[in-house]
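So you can see what is in the structure, the chains are spelled out below.
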Amino acid sequence: MNTDKGEPVLVYLPKENNNDESAKLLAWRVAAGARVTAGQALAEFETSKTTFEVYAPVEGIVQYRYREGDEIAVGGLVCIVSQDGRAPFPSEQDKQEANVQAAPANAPAVAQAALAAGALLPSEPATQGQRFSAKARELLSRHGLDPAQFAKRGLVRAHDVIVSLRGTSPATARSEVTPRKGPGAGRTALPVGVPYRKEQIPRSKRLEIALLRSGAQHTLPSEVTLACPTLGLRAAAERAGANLSGVLVYEVGRLLQKFPAFNAFFADDHHHFYQEVNIGFAFDVGQGLKVPVVRNAEAKSLQEVDRELRELMVQYLNDELSVGSLAGGTFTITDLAQEGTAFFSPLINQSQSAILGVGAELFAPGQNQGWFHFTLTFDHQLSSGREATQFLLELSRRLAAYEQAWGAVLREEPYCHHCERTLSALREIKAHLVEEVRPDGTKGRVCSVCLRGQ
Amino acid sequence: MLKHMSAVVVAEEKAGAGAAVPLAEHYARAVLIRQVEQTLLDLFARGELFGTVHTCIGQEWTGVAVAACLRRGDVVLSNHRCHGHYLALTDDVEGLIAEIMGRQTGVCGGRGGSQHLCAEGFFSNGVQGGMTPAAAGLALALKRLNGDQIVVAFIGDGTLGEGTVYESLNIVSKWQLPVLILLENNLYAQSTFHEQTLAGDILARPAAFGIPTFEANTWQPEELLAQTLQAIGQVRRTRGPCFLRVDTYRLMAHSKGDDNRDPQEVKRHWERDPVTVFLGAHGEEGAKMQQAAQRRVAAAVEEARKAPFAAPLPESPGSAALRLPQWHRAELPVGERVVTCIHDALRRNLRRDERIVLIGEDIEGPYGGAFKVTRDLSAEFPGRVFNTPISEAAIVGLGNGLALAGLRPVCELMFGDFLTLAADQFINHAAKFRYMYNDRVRVPLIIRTPMGGKRGYGATHSQSLEKHFLGLPDTQVLAIHHRFDPGEFYDRLFATVDRPTLVIENKLLYAARVGGAISDGFALEYTDDSLPTTRLRPEGTSSDLTIVCYGGMLPDVEKAVDALFEEHEIACEVICPMRLYPLDVGPILESVLKSRRLLLVEEGLGFAAFGAEVAAQILEHAPGVVEVMARIASPEHPIPSCGPLEKELLPGEKHIIQRAREMVLAGRPQMDTDEHG
């Protein structure tokens, strides 16, 4: 106590007995800012056993913040006695006060008292009779979602938020997404006699399993594979600055309007046709398998689709994909070409009826002409092998047109600058190419069709 | 049928010792007693008795002398060698023989047997010294009635080894209670000669406590009568204690068939035995007495043989069937501190019910109890709230006596750890009386005691020992908590108490406030019972885990449940019973049927404890329902004194959260709850 130097003296609440961790301030004996003498009674406190007083250790002016009725922790700061009555309350004390009054400042004193008595931990105030977990609250704030849209009362988990976001999930989705363990449910007989190691499944895989299980459970999957000849569609696209994934999404988006059976789902013995085409494109290059969705693909231009996919890829690589961009898919495309896979059997996703798998281009050594495979896994409840084949044929035809457009660039085959038809294409229509000199002096080629003005 | 004390011949002190009754009548009584005892030995030899019999052959005159001086309203407490005392007082030859032969027509319906008899104004129990504090309690009750009734407590020389005797001597003297302690000094404690185990002088003991002493012997019956009359008269007059040592000799074995004494010594005593001497001196009269006795006893035996054996207790209705509980929602706004609620309830009920008496160490104001529960009650209720010496056994024993007398004693034991010192009084006396005495008595005794650690008091002042007292039939063990008003609890308890009741008050809870806001998203509910089970139910979702706890663990469980949902999205349902024994497992079962996971949390040691019992009952009622079960309890070593270590070791919020997570997340497929789906 450095009264000589004029430093303020902090007065703490003493421990009066072994059983109380706080005491209630019953009454101040002096007014704030009053001058007190050494030994003067400052305040009266009450513990579970008795009442006692706290006295001024030195002469000076008393400053305090607590009100009568407040609970103060044992060892907490009661007040300050200083020379001029203007001593700042130390910040450390704020922390100590916070230990007692962890509730927000406007919480009623009784809750604070209860807290001090260690009786309970107050949680965030309810919103319309709900209680959100920390993860749920984080989701809400991240996506600017309004808690009011949750009709659910009581405890709300992050999962409930996601399910709610999915909006039009059919009734079947719910049971898959929160599988409850019934007695004996999901128990496989474990092998005997062979040692094995048991590992926990990461969360993302668990979700994936759940979604795929759901897809499998509610569809009758069948598949059709089509081999498409190519002269190097992928390379051509890259050379030309376009993205094959963008082209696929764009074209499939349009095609699905002709083949609605693949943009639908089967439930309650009914076909349900989606009224949007939201195409999910599967990414699995470093951040796990994720399927961001391009919504309303059928209404977007190629540039828009391409740009959006690039954006999603960036977000995916930075692990910044939002929940919104992962939800609401009606069709999925999965491309395993990078690993050189010829073709494979993709699994239909939850609430969908088809998925398109794209294989790698395979060239025999030294050959210009190669193949790649499309596989369409589809729900037989909505369609048939014939329809699936038609779908794939049409798709490959549309892509072939690109190839013709871009393939010429790769091969550097002579082509007409006006209509971009290649020499081989012109040959087919019995036209030919003519070399020309343009007004600016550059040389080019024009085909006989364009010359004739057709 | 019970024979009333009207059969007892009452002597007037003024008229002189036994003057109203000829000596011969007393001898007739002694002869009758001896005949009964000898017949019992004979029946035993034939295998018609159960257990053993402690005959008082040679000592009959002590009972006879006491009976001659007693009046209606006096109470006799006896021991294992109680037949003579009983018969002298009640003349109930038929009832005694039937009782020892295990018949329904016996004194206690065949349930008590030779050592545990109960009649109007007579109680016996076979634990040495165990009835002496009860004698003090009964005397205390008699003293309040302002009459001149007294208590006579029979002990033996061997009884002087038991601590409770000294606790009782101290108390009856300090409080000046009207008790005559009659010590039958037959020189042998079972097989042990007194020189081996008895230090000092017998009468020096009561004298040390300031109790007036008398002495007599059974070989001089008239003198014995005179001394007894004088001693009893003094007790009646002064309303204070007296001590009478009666030298005597047990002619037969301690109990059947275990006599190793020198046959010469025994023979010598047969020769000087007063009954033998009398019969020898009064040949014809003596012979008539003996024949009358023989006839009566033989008839009693015949009657008894015809009667049915003792019957089992009827099945109490609904005890086997479980019923699903009815829940109703509750709001409990934050209220007073628990200690204040208890204090106010005690005061309320002391005002309401004259029969309530509070005893314990340091409970009088201004100190008001170690935890300040009783505060100023002694000032408002002098004579009904008072301090005892540090004698836990006697405190509870006093309670036994007060309860038998029809009062409502509340015994405060300063720390629950000290319950061990009173264990015999609770287990072998309080819990046994009702059944042993064939439902003739109730023991509405309440013991209140704080349990629990986390205050750094160390291994012997921090325990939760209630588990050792669970399961005693006809008792109840209750634990208060902060989610049900302790004041309301005590109001209900006082209104309904009819059996020995142990109330656990957790130390930490004293300072806590009752009620207050519960965790958001949970509902607080009670069952319909008078001492209800409390439930904290998660709303809007099914529960992942049932947590069972009681008393002081509830705040920790509540905090854990809040954090478990907040951080880990695990929804728990908490079931907190207030009655640990007898246990209604219905609410717990209902919860487990929904959640399939059971976590049992208690502060004490876990082996064969409350959690284990709950688990066993759940398994019995619904095998296969529980998929995963765990118990959280105290670590298996005494509690350290170091505060931080103690808090770390004893079950708390952290342990509960960790265990709950292990139980729930292990089997649960994790739903991806962040954005990276």
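Refer to the preceding data block for the structure.
Model, not experiment: these values are computed from the prediction.

Across its 15 residues, helix α13 (residues 338-352) of chain B extends 21 Å between first and last C-alpha, which sits within 8% of the 21 Å expected from 1.5 Å per residue. Those residues of α13 of chain B that fall on the buried side of the exposure criterion are Val 338, Val 339, Thr 340, Cys 341, Ile 342, His 343, Ala 345, Leu 346, Asn 349 and Leu 350 of chain B.

Before going further, it helps to spend a moment on the environment of Val 357 of chain B. All names here are of chain B. Within the secondary structure layout, Val 357 lies in strand β11 (residues 356-360). Expressed as a C-alpha distance, the spacing of Val 357 and Ala 141, which sit 216 residues apart in the sequence, is 9.9 Å. In this view, Val 357 contacts Arg 144, Arg 384, Phe 386, Leu 402, Leu 407, Arg 408, Pro 409 and Val 410; residues no more than four positions away in its chain are not counted.

Residues and elements named next belong to chain A. Judged by pairing direction, the sheet is antiparallel, and its 4 strands sit side by side in the order β1-β8-β6-β3 without closing on themselves. The open sheet terminates on both sides in strands that have one partner only, identified here as β1 (9-12) and β3 (35-36). Pairing between β1 and strand β8 (residues 77-82): 4 bridges, direction antiparallel. For Tyr 12, the partnering residue across the bridge sits in β8 and is Leu 77.

This part covers helix α6 (residues 163-174) of chain B. Residues and elements named next belong to chain B. Over its 12 residues, α6 runs 17 Å from end to end, which matches the ideal 16 Å to within 8%, given 1.5 Å per residue. Of all the residues in α6, the buried ones are Thr 164, Val 165, Ser 168, Leu 169, Ile 171, Val 172 and Ser 173. A positive backbone phi angle near 55° is found at Gln 176, which sits one or two residues after α6.

The next point concerns empty space enclosed by the protein. Residue and element names in this part refer to chain B. Summed over all chains, the structure comprises 9 cavities of 30 Å³ or more. A volume near 100 Å³ is recorded for the second largest cavity. Around the second largest cavity, the lining is made up of 13 residues, and of these Glu 466, Asn 506, Tyr 550, Gly 551 and Gly 552 lie nearest the centre. Mapped by element, the contributors of at least two residues to the lining of the second largest cavity are β16 (501-506) and β22 (597-605). By residue class, the composition of the lining of the second largest cavity is 5 nonpolar, 5 polar and 3 charged.

Residue and element names in this part refer to chain B. If you walk through the whole model with that rule in mind, you get 29 aromatic pairs over all chains. Ring geometry for Phe 371 and Phe 415: centres 5.6 Å apart, planes at 65°, overall edge-to-face. One end of the pair, Phe 371, is in the loop between β11 and α14 (377-380); the other, Phe 415, is in the loop between β13 (408-412) and α16 (423-436), and 44 residues separate them in sequence. Owing to a relative accessible area of 8%, Phe 415 belongs among the buried residues under this scheme. Ring geometry for Tyr 550 against Phe 610: centres 5.2 Å apart, planes inclined by 80°, an arrangement best described as edge-to-face. Residue Tyr 550 is found in the loop between β19 (545-548) and α19 (554-568), and its partner Phe 610 is found in helix α21 (residues 610-621); the two are separated by 60 residues along the sequence. By relative accessible area, Phe 610 is classed as buried at 3%.

We now examine the pattern of salt bridges. Residues and elements named next belong to chain B. The final tally for this structure, using the stated rule, is 54 salt bridges over all chains. One salt bridge in this structure joins Arg 329 and Glu 539, with 3.1 Å as the shortest N-O distance. Taken together, the residues span a long stretch of sequence, with Arg 329 in strand β10 (residues 327-329) and Glu 539 in the loop between β18 (534-538) and β19 at a distance of 210 residues. A relative accessible area of 7% means that Glu 539 is categorised as buried. A salt bridge links Glu 505 to Arg 448, with the shortest nitrogen-to-oxygen separation between them at 2.7 Å. A residue pair is termed long-range when its members are at least 10 positions apart, and Glu 505 in strand β16 and Arg 448 in strand β14 (residues 446-451) qualify at 57 residues.

Definitions and limits used
Residues numbered from 1 in each chain as written. Chains lettered and ligands numbered in written order. Predicted model: local features only at pLDDT ≥ 70, side-chain atom pairs only at ≥ 80, totals over all residues. Heavy atoms only, no water. Helix = DSSP H or I, 4+ residues; strand = E, 2+ residues; numbered from the N terminus. Expected span 1.5 Å × (residues − 1). Buried < 20%, exposed > 50% of the residue type's maximum accessible area, 1.4 Å probe, protein only. Contact = heavy atoms within 4.5 Å. Pairing = 2+ DSSP bridges. 1 Å grid on protein atoms, 1.4 Å probe; cavity = no way out; pocket = protein on both sides within 12 Å on 5 of 7 lines; lining within 4 Å. Points joined across faces, edges and corners; volume = space filled by probe spheres on them. Nonpolar A, V, L, I, M, F, W, Y, C, P; charged D, E, K, R; others polar. Phe/Tyr/Trp six-rings, centres within 6.5 Å; stacked < 30°, edge-to-face > 60°. Salt bridge = Lys/Arg side-chain N within 4 Å of Asp/Glu carboxyl O.

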